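Breakdown of the fold
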Amino acid sequence: MAGTSAVDHRPIILTILLLGAAVLLQTTVLEFVAVFGVKPDLQLILVAFLALRRGSMSGQIAGFVGGLLEDVVTLSPLGFHAIVKALVGFCAGLPFGLIRASAVVVPVLLVAGAVVVKGLASGVLSLAFQIPLDAHLLEARFWIESAYNVILAPLLFALLSQVRLLRSTSPRPPS
């Protein structure tokens with residue numbers, strides 16, 4: 001067919017592989033660096049990064065897929081993490097095209113906001129569906145995970161920024 005452009009599926013495949021790797025790392029290797037049994041949420045940081053770089057729709061999709069992978073691997077109620085991470089992806093993608101990622105400030109603020117969204121969404125879903133949570137907003141475990149995430153955000157954003165396939169492909173759509 002003349003005139004049609006082929007879709008490059010490499011960024012999608014890479015995103016799925018990274019989300020899967022994040023879940024595997026969280027459920028295996030990161031057990032060794034857990035503080036009081038709490039590990040960083042690498043997938044949350046990855047979803048925030050992707051949403052900032054590619055927009056809310058990409059953030060929602062990445063969050064949903066990653067959350068679904070997490071639900072399956074951790075035997076959580078199917079859809080719980082998918083909904084939470086999709087909401088995180090949507091919110092983290094809102095500033096797409098409006099701000100430039102700095103070395104420290106933007107990743108820290110974006111991930112701090114993502115942690116709050118995750119905490120609130122998890123709390124509401126756990127109440128609505130009577131699902132027990134490991135860490136509530138007012139518990140130390142939640143704040144330890146939050147600190148882990150915020151500290152790791154600039155490092156992971158810097159590493160992920162080096163991957164050409166994860167860069168934004170288009171500017172922010174006109175309002």
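Structural notes, computed from the coordinates. (Residues numbered from 1 in each chain as written. Predicted model: local features only at pLDDT ≥ 70, side-chain atom pairs only at ≥ 80, totals over all residues. Heavy atoms only, no water.)

1. Observations concerning the side chain of Asp71
Position of Asp71 relative to the elements: it lies in helix α3 (residues 56-74). When neighbours within four sequence positions are excluded, Asp71 is seen to be in contact with Ser76, Pro77, Leu78, Gly79, Phe80, His81 and Ala82. (Helix = DSSP H or I, 4+ residues; strand = E, 2+ residues; numbered from the N terminus. Contact = heavy atoms within 4.5 Å.)

2. Here we look at the pattern of salt bridges
Per the stated rule, a full pass over the model turns up 5 salt bridges. Notably, a salt bridge pairs Lys39 with Glu31, separated by 2.8 Å at the nearest N-O pair. Classification of Lys39 by relative accessible area gives partly exposed; the value is 22%. By relative accessible area, which is 43% here, Glu31 ends up partly exposed. Two residues, Lys118 and Glu145, come together in a salt bridge whose shortest N-O distance is 2.5 Å. Of the two residues, Lys118 sits in helix α5 (residues 105-129) while Glu145 sits in helix α6 (residues 140-161), which places them 27 residues apart along the sequence. Residue class for Lys118 comes out buried when judged on its relative accessible area of 15%. Judged by its relative accessible area of 17%, Glu145 falls in the buried class. One connected set of salt bridges, linked through shared partners, spans Asp41, Glu70, Lys85, Lys118 and Glu145. (Salt bridge = Lys/Arg side-chain N within 4 Å of Asp/Glu carboxyl O. Buried < 20%, exposed > 50% of the residue type's maximum accessible area, 1.4 Å probe, protein only.)

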